[in-house]
Amino acid sequence: MRILAIGPRVYLGDIYLALMREGHAVRVHAEDSPEERAFDGLIETVPDWRQELDWVGRDGIVLFERADRGGIADALRRDGYRVIGGSVFGDRLENDRAFGQAVLQRLGLPVASNRAFDSPAEALAWLAQAPGRQVLKFDDSRLPTFVGEHPAGLDVAFMLRRAGPGRVLLQERLDGVEIGVGAYFDGRQFLRPVCIDFEHKRFFPGEMGEMTGEMGTLASYEGGERLFEATLGRVASLLAEAGHVGYVNLNLMVDERGPLPLEFTCRFGNPGFAVLAAMQRDGWGDLFHRMAQGSFQGFETVPGWSVAVVLTVPPFPAVDHQATPADDVPIFYREPPDSEALGHYHPVDVRRDPEGQLMVRRRSGHAMIVTGTGMTVQDAQAAAQARARNVIAPELRWRRDIGERFLNGEGDRLRALGWIG
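Predicted model only: the values in this text are computed from it and were never measured. (Residues numbered from 1 in each chain as written. Predicted model: local features only at pLDDT ≥ 70, side-chain atom pairs only at ≥ 80, totals over all residues. Heavy atoms only, no water.)

1. As for the sheet that holds strand 4 (residues 83-84)
Pairing is parallel across the open sheet formed by four strands, whose spatial order is 2-1-3-4. What marks the edges here is a single partner per strand, and that holds for strand 2 (25-30) and strand 4. By the bridge criterion, six bridges tie strand 1 (residues 2-7) to strand 2 in an arrangement that is parallel. For Gly7, the partnering residue across the bridge sits in strand 2 and is Ala30. (Pairing = 2+ DSSP bridges. Helix = DSSP H or I, 4+ residues; strand = E, 2+ residues; numbered from the N terminus.)

Structure below.
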């Protein structure tokens, strides 16, 4: 197939490399400036994606990375192009937090107590009158969520005072098991099987430290059907009405009251794409074709579990906009992976220098995702950690406890409540 990908900085570059290994023709447009892009020396970009529409044609696939180009995606679909990656409706589900919660309520799902505010100052004034533990979220999904710990909300108040302008949402801080349920939507229905995932967002083991985009994920394509039908599955008719095509995930907090939806993700996540790729028997090209075609019932997956571990170097999770290519650091393998194992190593913010050396961009330090699979969580952990140890870079850091929360009680609690198999 011909695939035209559009995104901020080649964010899903590893998928594009995989598609090219599968034999597909891929052209990528990066919206950000050249110095901000990843995969320099590995993936060439085109200056204007609109000039590539004749090339990709209506038999190829146009892929949007971000959940903020839904209007363009919808217009291209009306013109007969096959587009993966969102819709106006999907963008709003993710980026307008209050709208997403209202949609879930209209569908009869219980939601955590939440309030939307047009500015941080308004939220701060409300919090002063109703002190308590809250989670601070921004309509701009690129800004990190802040999970409050102080019983009177003093830590959230501090974050509100330093926040920039824009809409925010305060959501009741819940205690329970956080789990995501996700599936690919083909414009008419969700493809089966659905996945469940457990994200590990804190920087340090034991869920300590700052919130990052994500430090690792535990996932499976088994056991999530009941949870899906009770939550995300109810949104199918609205997504079909909107013509949405792409991956959709609903993050939940589960306790004795049931699953309480927290937020939508209506795009391919990182490391979400990697942890799922490890369990998908066919390549990305095959899955994209089935999503774009519509009217497909399912795809083949590997049984058991997948663990993704995120490998980073400083300044991650911060970003150093002053860093230059001279600050980048090399990344090596103890044993270079063969063609089969290569699918478990997923570079993120890297480039290849003129001598062919793979370099991690020091601006973000977001080096690589490694994955492992197994019939048990322990087997998947061991496989992922073995691959992480195969990677060498100066000041490399990664968490060795991805999946431990599930083994230490979360899995048993979800099974006792009847939500996973």
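2. Focus on helix 5 (residues 97-106)
Among the residues of helix 5, those classed as buried are Arg97, Phe99, Gly100, Gln101, Val103 and Leu104. Note on helix 5: the residue one or two positions beyond its end, Gly108, has a positive phi of about 90°. (Buried < 20%, exposed > 50% of the residue type's maximum accessible area, 1.4 Å probe, protein only.)

3. Comments concerning the environment of Gly298
Along the chain, Gly298 turns up in the loop between helix 11 (284-293) and strand 14 (305-312). Accessibility expressed as a relative area gives 18% for Gly298, which makes it buried. On a C-alpha basis, the gap between Gly298 and Leu287 in space is 9.5 Å, while along the polypeptide they are 11 residues apart. Not counting residues within four places of it along the chain, the set of residues in contact with Gly298 comprises Arg192 and Arg290. (Contact = heavy atoms within 4.5 Å.)

4. Quick notes on the packing of helix 4 (residues 88-95) against helix 5
Contact pair helix 4 / helix 5: the axes reach a minimum separation of 5 Å and the direction vectors enclose 105°. Judged by the inter-axis angle, helix 4 sits roughly perpendicular to helix 5. In contact with Phe89, Arg92, Leu93, Glu94 and Asn95 of helix 4, helix 5 contributes Arg97, Phe99, Gly100 and Val103. Here the residues of the contact of helix 4 with helix 5 sort into four nonpolar, two polar and three charged. (Axes fitted to C-alpha atoms, helices over the stretch in contact; angles between N-to-C directions. Parallel < 35°, antiparallel > 145°, perpendicular 65-115°, else oblique. Nonpolar A, V, L, I, M, F, W, Y, C, P; charged D, E, K, R; others polar.)

5. Here we look at the nonpolar core
Residues Tyr16, Tyr184, Phe268, Trp284 and Phe288 are the most contacted members of the largest nonpolar core, which totals 97 residues. Sequence-distant contacts of Tyr16, that is, excluding residues within four places in its chain, are made with Ala5, Val10, Val26, Val28, Ile43, Leu63 and Glu65. Trp55, Val56, Leu76 and Val83 belong to the second-largest nonpolar core, a separate cluster that totals 12 residues. (Core = buried A, V, L, I, M, F, W, Y, C linked by side-chain atoms within 4.5 Å.)

6. Digging into the side chain of Ser87
Structurally, Ser87 is set in the loop between strand 4 and helix 4. Polar side-chain contacts of Ser87 include one of 2.9 Å to the backbone nitrogen of Gly90. Looking at Ser87, its side chain comes within polar contact range of the side chain of His244, at 2.9 Å. Among residues more than four places away in sequence, those in contact with Ser87 are Gly70, Asp74, Arg77, Ala242 and His244. (Polar contact = N/O pair within 3.5 Å; in protein donor to acceptor, adjacent residues only side chain to side chain.)

7. Quick word on the sheet that holds strand 8 (residues 168-172)
Taken in spatial order, the four strands line up as 5-8-6-7 in an open sheet, and their pairing is antiparallel. Pairing within the sheet leaves two strands with one partner each, and these edge strands are strand 5 (114-117) and strand 7 (146-147). Judged from the two bridges that link them, strand 6 (residues 134-138) and strand 7 form a sheet pairing that is antiparallel. Bridge pairing in strand 7 places Leu136 opposite Phe146. Seen against the sheet, helix 7 (residues 154-162) touches strand 6, strand 7 and strand 8 and runs at an angle of roughly 20° to strand 6.

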